[in-house]
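Listed below, chain by chain, are the residues.
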Amino acid sequence: MTDDVRNIVLGVIAAGLSASLGWVARTYLWKRRLRRKQAFFGLPDHSESLLVVNRDAGSPELAVHRYDVFALLELSALIKDCNAHADVITQDTARQGFGERTEFCVGGPGSNRRMLAHMSAMLPGVRVNIDPEPGPERGAFQIGGERYRLESGVTEYVLLARITAGLSRPVFLFCGQRAITNQAATRYLARHHERLARKHGNGSFVLLLKVLNSQAYGPDVVDLVADVTRVAQSPLPTPPARTSHRAAP
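Residues numbered from 1 in each chain as written. Predicted model: local features only at pLDDT ≥ 70, side-chain atom pairs only at ≥ 80, totals over all residues. Heavy atoms only, no water.

Asks: I'd like to hear about a positive patch on the surface, residue by residue, with values.
Replies: Taken together, the side chains of Arg 32, Arg 36, Arg 195, Arg 198 and Lys 199 define a basic patch exposed on the protein surface. With 3 residues, helix H4 (residues 179-200) is the largest single contributor of residues to the positive patch. Considering the arrangement of structural elements, one finds Arg 32 in helix H1 (residues 3-41). (Patch = residues over 30% accessible without salt bridge, like charges linked within 9 Å, V, L, I, M, F, W, Y side chains within 5 Å. Areas by Shrake-Rupley, 256 points an atom, 1.4 Å probe, with all protein chains shown as cover. Salt bridge = Lys/Arg side-chain N within 4 Å of Asp/Glu carboxyl O. Lys, Arg positive; Asp, Glu negative; His and termini not counted. Charge placed at Lys NZ, Arg CZ, Asp CG, Glu CD. Helix = DSSP H or I, 4+ residues; strand = E, 2+ residues; numbered from the N terminus.)

Asks: So what about unusual backbone geometry? Which residues, and what values?
Replies: Despite not being glycine, His 46 has its phi angle at roughly 65°, a positive value. Relative to the helices and strands, His 46 resides in the loop between H1 and strand E1 (48-53). The backbone phi angle of Asn 83 is positive, close to 60°, even though this residue is not glycine. Along the polypeptide, Asn 83 turns up in the loop between helix H2 (66-81) and strand E2 (85-90).

Asks: Outline H2, listing residues and values.
Replies: With 16 residues, H2 should cover 22 Å at 1.5 Å per step; its first-to-last C-alpha distance of 23 Å lies within 8% of that length. Taken residue by residue, H2 has Tyr 67, Asp 68, Ala 71, Leu 72, Glu 74, Leu 75, Leu 78 and Ile 79 as its buried positions. One face of H2 carries all of its buried residues, which in axial projection span an arc of 160°. Those residues of H2 that are exposed and angled more than 90 degrees off the buried face are Leu 73 and Lys 80. Following H2 by one or two positions, Asn 83 adopts a phi angle in the positive range, close to 60°. (Expected span 1.5 Å × (residues − 1). Buried < 20%, exposed > 50% of the residue type's maximum accessible area, 1.4 Å probe, protein only. Arc of directions from axis to C-beta.)

Asks: Residue-level account of the pairing of strand E9 (residues 205-212), with values.
Replies: Taking burial as the measure, the 8 residues of E9 include 6 buried ones, the bulk of the element. Bridge analysis of strand E7 (residues 155-163) against E9 gives 8 bridges, and the strand direction is antiparallel. What sits directly across from Leu 160, in E9, is Leu 207. Here E9 pairs with strand E10 (residues 222-227) via 5 bridges, running antiparallel. Looking at E10, one finds that Leu 208 is bridged to Ala 226. (Pairing = 2+ DSSP bridges.)

Asks: Before we move on, can you summarise the environment of Cys 105 with the specific residues and values?
Replies: Topologically, Cys 105 is positioned in strand E3 (residues 102-106). The exposure class of Cys 105 is buried, given its relative accessible area of 0%. Through-space distance from the C-alpha of Cys 105 to that of Ile 89 is 9.9 Å; in sequence the pair is 16 residues apart. If near-sequence neighbours (up to four positions away) are discounted, Cys 105 is found in contact with Val 52, Asn 112, Arg 114, Met 115, His 118, Phe 172, Leu 173 and Phe 174. (Contact = heavy atoms within 4.5 Å.)

Asks: Could you give an account of the packing of aromatic side chains, with specific residues and numbers?
Replies: As enumerated under the stated definition, the model contains 8 aromatic pairs in all. Ring geometry for Tyr 67 against Phe 70: centres 6.0 Å apart, planes inclined by 75°, an arrangement best described as edge-to-face. One end of the pair is Tyr 67 and the other is Phe 70, both in helix H2 and 3 residues apart, which spans about a single turn. On the numbers, 5.2 Å between centres and 10° between planes, the contact of Phe 104 with Phe 172 is stacked. Of this pair, Phe 104 sits in strand E3 while Phe 172 sits in strand E8 (residues 171-176), and the two are 68 residues apart along the sequence. Relative accessible area serves as the criterion here: at 1%, Phe 104 is assigned to the buried category. The buried category is assigned to Phe 172, whose relative accessible area is 0%. (Phe/Tyr/Trp six-rings, centres within 6.5 Å; stacked < 30°, edge-to-face > 60°.)

Asks: So what's going on with the nonpolar core? Residues and values would help.
Replies: For soluble globular proteins, nonpolar side chains are generally found buried alongside one another. Core analysis: the largest hydrophobic core is formed by 28 residues, its most contacted members being Phe 41, Phe 104, Leu 160, Phe 174, Leu 189 and Leu 209. At the level of secondary structure, the elements contributing two or more residues to this core comprise H1, E1, H2, E3, E7, E8, H4 and E9. Excluding residues within four positions of it along the chain, Phe 41 makes contact with Leu 78, Cys 82, Thr 102, Phe 104, Pro 170, Phe 172, Leu 189 and His 193. Ranked by size, the runner-up nonpolar core spans 23 residues in total, among them Met 115, Leu 159, Ala 161 and Leu 173. (Core = buried A, V, L, I, M, F, W, Y, C linked by side-chain atoms within 4.5 Å.)

Asks: For helix H3 (residues 113-122), give the residues involved together with the corresponding values.
Replies: Within the sequence span of H3, burial applies to Arg 114, Met 115, His 118, Met 119 and Met 122. Each buried residue of H3 lies within a common arc of 135° when the element is viewed along its axis, so the set occupies one face. Of the residues in H3, the exposed ones pointing more than 90 degrees away from the buried face are Arg 113, Ser 120 and Ala 121. Those residues of H3 that are buried lie in contact with E1, E3, strand E4 (126-128), E7, E8 and helix H6 (229-232). Capping of H3 at its N-terminal end is provided by Asn 112; its side-chain oxygen lies 3.0 Å from the backbone amide nitrogen of Arg 114. (Polar contact = N/O pair within 3.5 Å; in protein donor to acceptor, adjacent residues only side chain to side chain.)

Just geometry here; none of it tells us what the structure is for.
Printed below as a string of structure tokens:
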């Protein structure tokens, strides 16, 4: 074998080894990233999850708002990426417990009774004005001592929560003032789940997000207002009892 042939053979072998090592490294990193994603969402291979959707508050029929449908599609893609499966049910048929499988609950408490139950049990420090009558306080969030009012199409708020305390699998809540904010929260989760996992690990968090100018930008422009985990999970203070004063006879 001449030197030239030997160099060619060695070059081919080196290239093959490099390609093999690169493939092994990429596969390892991909699997590690997948396992971290599965751990964050509580979705191991072939596991089952629950998607609970609300009804369209503006429709007299049992319809789902199109932005909530888009939110479900965002979540379905995440679930599929984790090699898991989803069972989609409406809020009026979700008569079951939580924590045995990962749950994604979409919609505010005014249109989703399961969300109302979850917030009462898991987020006692949050109140949402669900009064159907028009007014400046309609849809407003009260979180601790702060109030966040809805300015439709301009400034809107949504809570994105991951609750794990005492549960085998996490419960994710997407509680928005409007349907488009629910989609904004699911999209925020899809884009930032790796950063959220690094910051919060596999624990609970409650984030208040602000959707800016949705009438122009849809669900894409979202700011993180605050991490309100501690306040949201602490009961609101009981208002002082009113004292009745009677005029002297």
